[in-house]
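So you can see what is in the structure, the chains are spelled out below.
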Amino acid sequence: MERDTSGVDREQYAGGDPSGAYGFVTPSGKWLCAITPANGMVACASHTPGTPPGVPGPLQIPVQAPAPSAEANIVAIEAAKGPSFQTANQPLFPGNPNVLPYGSTLSADGFTCNVQFSGVSCREDATNQGFTISTGGYKFEFTPIPGTPDAGPPELTPTESTAPPLPQLEGGSNQCGRVVYPPTGEPATVVIVKGTIRCDAAHAMLNKYFTAPDATDAVYDVDGWKCRTKGDPHSAATGYSITCTDSGGNIVVAQP
């Protein structure tokens, strides 16, 4: 039987508070998720406190009259219940969570979450009920990492998928702001997935790549970096889903 080697040490993601929560932020900085044993729940929300999850769909939660409908700010699964959008008045996770790298899985107390380039996905292990969210939408089902026992036949996965947790940068995020792809004007978030490269160096490298005359090649070398398009066909066509690696093990992503 194939063994899932994508799991991380959950203690690196422990909150250290009485709730016993385990939490993480995605490499893009978009999502914050937490497994909270005290509540028997796993949930994800926008990493920006107090804002809606930011996924398309009917996120209004009906409540008893005469109160108006409430706007959802988390998507969650409670033990023995199906996934749903909910309104939470408390932060999901205390403190500053670590980044869960792309292609990695966090499991704790009967719940499992993973992070992929396509989005973040969580489930209750006993029922296999789950959800998957991304900037493109959501579905109430769990999406296993390709190549794991849950996913059936192995598929090609990014070489950076087993990268160790990223050391937190200033402000608790590995985001380095935005760049713009010149031919289309599309914005992209610069993310340091792995390594010690500075944000200004990452920006300079990507801007040089974007303006190179033959940067549309599947793999392009720029100043010792190998950059390639990744993600869905739209991202590849517009050129703003890019992964660049160098010989020192640094990995930089520009993504929507």
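Structure's up top.
The rules behind each value
Residues numbered from 1 in each chain as written. Predicted model: local features only at pLDDT ≥ 70, side-chain atom pairs only at ≥ 80, totals over all residues. Heavy atoms only, no water. Salt bridge = Lys/Arg side-chain N within 4 Å of Asp/Glu carboxyl O. Helix = DSSP H or I, 4+ residues; strand = E, 2+ residues; numbered from the N terminus. Buried < 20%, exposed > 50% of the residue type's maximum accessible area, 1.4 Å probe, protein only. Pairing = 2+ DSSP bridges. Core = buried A, V, L, I, M, F, W, Y, C linked by side-chain atoms within 4.5 Å. Phe/Tyr/Trp six-rings, centres within 6.5 Å; stacked < 30°, edge-to-face > 60°. Lys NZ or Arg CZ within 6 Å of the ring centre and 35° of its normal. Axes fitted to C-alpha atoms, helices over the stretch in contact; angles between N-to-C directions.

Asker: What exactly am I supposed to notice about the pattern of salt bridges here?
Answerer: Pairing between side chains of opposite charge can happen when their charged atoms approach one another. In total, this model carries six salt bridges according to the counting rule given. Where D223 meets K208, a salt bridge forms, and the shortest distance between an N and an O atom there is 2.8 Å. Placement of D223 in the loop between β16 (219-222) and β17 (225-229) and of K208 in helix α1 (residues 199-211) is noted, with a sequence separation of 15 residues between them. With a relative accessible area of 60%, D223 lands in the exposed category. Beyond isolated ion pairs, a larger network of salt bridges with shared partners links R10, E11 and D109.

Asker: Help me understand the pairing of strand β2 (residues 31-36) in this model?
Answerer: Within a regular strand, side chains alternate between the sheet's two faces. In terms of residue burial, β2 counts as a mostly covered element, since six of its six residues are buried. In β2, alternate side chains face the same way, and those of W31, C33 and I35 on one face and L32, A34 and T36 on the other are all buried. Between strand β1 (residues 22-25) and β2, which pair antiparallel in sequence order, lie five residues; one of them, G29, sits at a positive phi of approximately 80 degrees. As defined by bridge partners, β2 adjoins strand β3 (residues 41-46) across six bridges and the pair is classed as antiparallel. Residue pairing across strands places A34 opposite A43, the latter belonging to β3. The antiparallel hairpin formed by β2 and β3 contains four residues in its connecting segment, where G40 sits at a positive phi of about 60 degrees.

Asker: Explain the nonpolar core here, please?
Answerer: Nonpolar side chains in soluble globular proteins tend to end up buried together. Membership of the largest hydrophobic core comes to 27 residues, with the highest contact counts inside it found for F24, V42, C44, V120, F131 and I133. In this structure, V179, A188, F210 and C244 belong to the second largest nonpolar core, which totals 21 residues.

Asker: Quick question: what am I supposed to make of the pairing of β1 here?
Answerer: Alternating positions in β1 separate into two faces, Y22 and F24 on one and G23 and V25 on the other, with burial throughout. As paired strands, β1 and β2 are joined by four bridges and run antiparallel to one another. Pairing of G23 across the sheet is with A34, part of β2. Bridge count for β1 against strand β8 (residues 98-99) is two bridges, and the pairing is parallel.

Asker: Where do I start with the packing of aromatic side chains in this structure?
Answerer: Note on aromatic pairs: each is described by the distance of the centres and the angle between the planes. If you walk through the whole model with that rule in mind, you get six aromatic pairs. Taken together, the ring pairs in this structure connect F85, Y138 and F140 into an aromatic cluster. The ring of W31 carries K30 above its face, with NZ or CZ at 5.0 Å from the centroid. The ring of F142 is capped by R123, whose NZ or CZ atom sits 4.7 Å from the centre of that ring.

Asker: How should the sheet that holds strand β13 (residues 137-139) be read in this particular structure?
Answerer: The pairing of strands in a sheet happens through backbone hydrogen bonds and is either parallel or antiparallel. Sheet architecture is open: five strands sit in the order β9-β10-β11-β12-β13, paired in antiparallel fashion. If you trace the sheet from one side to the other, it starts and ends with β9 (104-108) and β13, each paired once. Ignoring strand direction, the axes of neighbouring strands in this sheet form an average angle of 10 degrees. Judged from the five bridges that link them, β9 and strand β10 (residues 111-116) form a sheet pairing that is antiparallel. Following the sheet pairing, A108 is matched in β10 by F111.

Asker: Got a minute to help me understand the sheet that holds β1 in this structure?
Answerer: Ordered by their spatial adjacency, six strands build an open sheet running β7-β6-β3-β2-β1-β8, and the pairing between neighbours is mixed. Here the strands that pair on one side only, and so sit at the sheet edges, are β7 (83-86) and β8. When β3 meets strand β6 (residues 74-78), the two strands line up antiparallel, connected through four bridges. Across the sheet, the residue bridging to V42 is I77, located in β6.

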